[in-house]
Amino acid sequence: MRLDRRDLLSAFAAGSAVSVANAAVAAPRRGQDAANFILQPGAAEDHSLALQRALDESAKTRTPLVLPAGIYRASNLKLRARAHVLCTRGATTLALSQGALR
């Protein structure tokens, strides 16, 4: 079987696509895991204190806080400079736990 330039480029492209897909699956999440701060999505209790600690740590270390999909009940949160939150669009919700918006 004779190989030409097209065959080599096609084989290289296919191999690269598989490598990129495998790397994406194997890549760990980068950032602060919400579970490290006792944040459980969907829990009935107020997450305000734990979420504020997590946000403060995110700002301090300049690493994103990774919130898995779910509902987190909280109020009176302060998002400091350099805080960054990663979540699942349309599936992660911060719900007001008490009081009213002013």
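Here goes a summary of the coordinates provided. Because the structure is a prediction, the values reported are computed rather than measured.

Bringing the environment of Ala 35 into the picture now. Its location among the elements puts Ala 35 in the loop between β1 (32-33) and α2 (48-61). Taking relative accessible area as the criterion, Ala 35 reaches 40% and is therefore assigned partly exposed. Separated by 19 residues in the primary sequence, Ala 35 and Ala 54 have C-alpha atoms spaced 9.8 Å apart.

Glancing now at the sheet that holds strand β4 (residues 85-86). In a beta sheet, neighbouring strands pair by backbone hydrogen bonds and run either parallel or antiparallel. Taking strand neighbours across the sheet as the criterion, the three strands line up as β1-β2-β4 in an open arrangement whose pairing is parallel. Looking at the sheet topology across the chains shown, the edges are occupied by β1 and β4. Bridging between β1 and strand β2 (residues 65-66) involves two bridges; their strand directions are parallel. When the sheet's bridge partners are listed, Gln 32 is paired in β2 with Leu 65.

Given 3.6 residues to a turn, an α-helix orients residues that are three or four positions apart in the same direction. Under the 1.5 Å per step criterion, the end-to-end length of α2 is 20 Å for 14 residues, consistent within 8% with the ideal 20 Å. Buried positions along α2 lie against β2, β3 (70-74), β4 and β5 (92-96).

Before going further, it helps to spend a moment on the side chain of Ser 48. Here Ser 48 shows up in helix α2. Once residues lying within four places of it in the same chain are set aside, the contact partners of Ser 48 are Arg 73, Ala 74, Ser 75, Leu 77 and Ser 97.

Let's shift gears to the pattern of salt bridges. For the coordinates displayed, the defined rule picks out two salt bridges. Salt-bridge contacts for Asp 56 lead to Arg 80; the nearest nitrogen and oxygen are separated by 3.2 Å. Of this pair, Asp 56 sits in helix α2 while Arg 80 sits in the loop between β3 and β4, and the two are 24 residues apart along the sequence. One salt bridge in this structure joins Lys 60 and Glu 57, with 3.9 Å as the shortest N-O distance. In this pair, Lys 60 and Glu 57 both sit in helix α2, three residues apart, roughly one turn of the helix. Judged by relative accessible area, which is 25%, Glu 57 ranks as partly exposed.

Parameters and conventions
- Residues numbered from 1 in each chain as written.
- Predicted model: local features only at pLDDT ≥ 70, side-chain atom pairs only at ≥ 80, totals over all residues.
- Heavy atoms only, no water.
- Helix = DSSP H or I, 4+ residues; strand = E, 2+ residues; numbered from the N terminus.
- Buried < 20%, exposed > 50% of the residue type's maximum accessible area, 1.4 Å probe, protein only.
- Pairing = 2+ DSSP bridges.
- Expected span 1.5 Å × (residues − 1).
- Contact = heavy atoms within 4.5 Å.
- Salt bridge = Lys/Arg side-chain N within 4 Å of Asp/Glu carboxyl O.

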